[in-house]
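Coordinate inspection notes
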Amino acid sequence: MKSDGPAANDGLRLIPFRGLRYVPERVGSLAAVTSPPYDVVVRPDGLHHLESADPHNIVRLILPQAATPEDRHRKAADTLARWLADGVLAPDPEPALYVYEQRHGDVLQRGIIGALALSEPAEGVVLPHEDVMPDVVADRAALMRTTDANLEPLLLTYVGDGDATGATAVIEETVQRPPLLATTTEDGFSHRLWSLTDPAALARVDADLSRRQALIADGHHRWATYLRLRAEHPQPGPWSHGLVLLVDTARYPLRVRAIHRLLHHLPTAKALDALGDSFRVRHLDGPLPRALDELAHAAAEGNAFLLAGDGAFHLVDRPDPELVARTVRADRPAAWRALDATVLHSTLLDQLWRIPDGPEQIAYIHDAQAAVTQAERHGGTAVLMHPVREEVVRALAREGVTMPRKSTSFGPKPATGLVLRSLALE
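What you see is a predicted model; the values in this text were computed from it and never measured. Numbers given to residues run from 1 along each chain, matching the order in which its sequence is written. Whole-chain, interface and lining totals are the exception, using all residues; otherwise, since this is a predicted model, local features are given only for residues with pLDDT of at least 70 and side-chain atom pairs are given and counted only at 80 or more. Excluding hydrogens and water, the side-chain figures rest on all heavy atoms present in the structure.

1. What about the confidence of the model for the protein chain?
Rule in force here: Per-residue confidence from the predictor is reported as pLDDT, a score between 0 and 100. In what follows, residue pairs with any heavy atoms lying within 4.5 Å of each other are defined as contacts.
The predicted model of the protein chain has a mean per-residue pLDDT of 92, with 97% of residues at 70 or higher. Segment residues 1-5: pLDDT under 50, and nine contacts once partners within four positions in sequence are set aside and those in other chains are kept.

2. Observations regarding the pairing of strand 18 (residues 362-365)
The condition that has to hold: A 1.4 Å probe rolled over the protein chains alone gives each residue an accessible area, and that area as a share of the maximum for its type sets the label: buried under 20%, exposed over 50%, partly exposed in between. We count a stretch as a helix when DSSP gives it H or I for four or more residues in a row; a strand needs E for two or more, and each element gets its number in order from the N terminus. Two strands qualify as a pair provided that DSSP identifies no fewer than 2 bridges between them.
The alternating pattern of strand 18 places I362 and Y364 and A363 and I365 on opposite faces, both of which are buried. In this structure, strand 14 (residues 260-263) lies alongside strand 18, joined through four bridges in antiparallel fashion. Its bridge partner being in strand 18, H260 is matched across the sheet by I365.

3. Overview of the sheet that holds strand 2 (residues 19-22)
Pairing within the open sheet is antiparallel, and its four strands lie in the order 3-2-21-7. The outermost strands of the open sheet, each flanked by one partner alone, are strand 3 (89-91) and strand 7 (149-150). When strand 7 meets strand 21 (residues 420-422), the two strands line up antiparallel, connected through two bridges. Note on strand 21: the bridge partner recorded for A149 is S422.

4. Observations concerning the sheet that holds strand 15 (residues 280-284)
This is how the line gets drawn: Axis definition: a line fitted to C-alpha atoms, over the contacting stretch in the case of helices. Angles run 0 to 180 degrees between N-to-C directions.
The strand order across the open sheet formed by six strands is 15-17-16-19-14-18, and the pairing between neighbours is antiparallel. In this open sheet, the two strands that pair with only one neighbour each are strand 15 and strand 18. Averaged over all neighbouring strand pairs, the angle between strand axes comes to 25°, with direction disregarded. In terms of strand pairing, strand 16 (residues 304-308) meets strand 19 (residues 381-384) through three bridges, oriented antiparallel. By the bridge assignment, A308 is partnered in strand 19 with A382. Across the sheet, helix 10 (residues 288-299) touches strand 15, strand 16, strand 17 (313-317) and strand 19, and the angle it forms with strand 16 is around 155°.

5. Description of the packing of aromatic side chains
In plain terms, the rule: A pair of aromatic rings is counted whenever rings of Phe, Tyr or Trp (Trp by its six-membered ring) have centres within 6.5 Å, and the orientation is called stacked for planes under 30 degrees apart, edge-to-face for over 60 and tilted otherwise. Note on geometry: a ring has a charge over it if NZ (lysine) or CZ (arginine) is within 6 Å of the ring centre and within 35 degrees of the ring normal.
Under the criterion given, the structure shown has three aromatic pairs. Ring plane angle 50° and centroid distance 6.2 Å describe the contact between Y22 and W83, whose orientation is recorded as tilted. Within this pair, whereas Y22 is found in strand 2, its partner W83 is found in helix 4 (residues 69-85), the two being separated by 61 residues in sequence. You can call W83 buried: its relative accessible area is 2%. Measuring from centroid to centroid gives 6.2 Å for W223 and Y226, while their planes differ by 65°, and the two rings are edge-to-face. Of the two residues, W223 and Y226 both sit in helix 8 (residues 220-232), three residues apart, roughly one turn of that helix. In this structure Y226 comes out as buried when scored by relative accessible area, which is 3%. In this arrangement the basic side chain of R140 is found over the ring face of Y38, its NZ or CZ atom lying 4.0 Å from the centre. One Lys or Arg, R332, reaches over the ring of W336 and ends 4.8 Å from the middle of that ring.

6. Some remarks on the nonpolar core
Our working definition: We define the nonpolar core as a collection of buried residues of types Ala, Val, Leu, Ile, Met, Phe, Trp, Tyr and Cys that are connected through side-chain atoms lying within 4.5 Å of one another.
W223 and W353 are the most contacted members of the largest nonpolar core, which totals 113 residues. With near-sequence residues (within four places) excluded, W223 lies in contact with L116, A117, L118, S119, V126, L154, I216 and V244.

7. Here's the deal with the pattern of salt bridges
Worth spelling out the cut-off: Basic side-chain nitrogens of Lys or Arg form a salt bridge, by our definition, when they fall within 4 Å of a carboxyl oxygen of Asp or Glu.
According to the stated counting rule, one finds 24 salt bridges in the structure shown. Ionic pairing is found between D208 and R211, a salt bridge with its closest N-O pair at 3.6 Å. Judged by its relative accessible area of 4%, D208 is buried. Under the relative-accessibility criterion, R211 is labelled partly exposed at 30%. With its nearest N and O atoms 3.1 Å apart, the salt bridge here joins R282 to D317.

8. Points about the pairing of strand 19
The alternating pattern of strand 19 places T381 and V383 and A382 and L384 on opposite faces, both of which are buried. For strand 14 and strand 19, the ladder comprises three bridges, and the chain directions are antiparallel. Its bridge partner lying in strand 19, L263 is registered against T381.

9. Some details on the side chain of D39
Worth spelling out the cut-off: Within 3.5 Å is the distance limit for a polar contact, defined as a pair of N or O atoms, with the added protein rule that one can donate a hydrogen and the other accept it, and that residues adjacent in sequence qualify only through two side-chain atoms.
With respect to the helices and strands, the residue D39 is situated in the loop between helix 1 (30-33) and helix 2 (45-53). A distance of 2.8 Å separates the side chain of D39 from the side chain of K406, its partner in a polar contact. Those residues in contact with D39, other than ones at most four positions away along the chain, are D218, R222, H366 and K406.

10. Points about unusual backbone geometry
The phi angle of most residues is negative, glycine excepted, and most peptide bonds adopt the trans form. Following G286, the chain continues to P287 via a peptide bond in cis, the omega torsion being 5°. Turning to its location among the elements, P287 is positioned in the loop between strand 15 and helix 10. Across the junction of G411 and P412, the peptide omega takes the value 5°, indicating a cis bond. Relative to the elements of secondary structure, P412 occurs in the loop between strand 20 (409-411) and strand 21. The phi angle at D148 is positive, at roughly 55°, despite the residue not being glycine. By secondary structure assignment, the location of D148 is in the loop between helix 5 (134-147) and strand 7.

11. A few points about the packing of helix 5 against helix 8
Here is the rule we go by: Angle categories are assigned with fixed cut-offs, so that under 35 degrees is roughly parallel, over 145 is roughly antiparallel, 65 to 115 is roughly perpendicular, and the rest are oblique. Left-handed describes a crossing in which the near helix is turned anticlockwise from the far one by less than a right angle; the clockwise case is right-handed. Asp, Glu, Lys and Arg are counted as charged, while Ala, Val, Leu, Ile, Met, Phe, Trp, Tyr, Cys and Pro are counted as nonpolar; the rest, among them Gly, fall into the polar class.
Look at helix 5 against helix 8: their axes get within 9 Å of each other, and the N-to-C directions meet at 60°. As judged from the angle between their axes, helix 5 and helix 8 are oblique. As helix 5 packs across helix 8, the resulting crossing turns out to be right-handed. Each of V136, V137, A138, R140, A141, M144 and R145 in helix 5 lies in contact with helix 8, whose residues at this interface are H221, R222, A224, T225, Y226, R228, L229 and E232. Of the residues assigned to the contact of helix 5 with helix 8, the class counts are eight nonpolar, two polar and five charged.

Listed below in structure tokens is the structure:
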């Protein structure tokens, strides 16, 4: 454990819960009812695809469709109640932690799903690294409040000892026995889940995690939602915990990818014209992978972005240092001021393009090709980003400095729909 982590018994406290899981005989297949996390689903194309995959796809709970927010949340709660009554979902017989494995080619991720005791960032136990959007937190809070459930786990990481000890040893022992479920989703990832109920194994997990500090890799808005709902329910109880997946990245390193921006109402030609002489602009030929390689080379030397939307790619780099110094706030660490996301929001969006950061103006899209396709289809501009290194993210988080919202995408992300947590059962 690093010296700047929590003291023993002040760290992560993960408790078992009775997981809600799909009953395989009541659905077409487990793969057909799963979904990526709610904010990774590219709407509307991805939403319609998932809804049509199976009438019980989990997207009907995490992204319900109705005329008003209140109707959407009530629809999700009614759907959850109906699926429970019909036996589509059923609770496991006893509380458990769940060992979860994802595998695709040479990518292997394993971790433990459980109900984590909530803590404020100032306590230094769970570290956020990104800002959140209040409207998204409000929407997720209303959904959780109405359904009385945590519908999908957050992805949190911690740095273990680098070998198979503690919780990691329990994980690697558990995966030697037959899983509760196994499925392969259409992205090629295989998923396996085991329940962990043995008191001795649970005690080993608790002893190890109690001296660990976690970084929120994916799920900042849901973590902020957990904290808001805990404040609404101050007495100890189910709202004092939130559903998470904890991964030891010393043993199972995650991949860090960028989250791209789609500027709905800014045509690419207008975006380029507004840059003037403030950035170097170079036209690139496709295809997209080659253009992203050029972006990576440029990003190794300084701030760089790839603009698309007019059928071509434009590499934007080498910003005017005086402009950056004038537009980026000076009361943050140098590593924060140098982030591409910082320069994008402070210098490009705020100063040159004059675009407010709201959902009607900017969409955040994880897939580069999807961002380019939507920009070309609707006459907007896709701003493609290069990912930040994990060590930069963790170092800033330990300083208590949050990055601009949607700066990173850690993965692979847990599939939504393999195990849910109903607070009504606790």
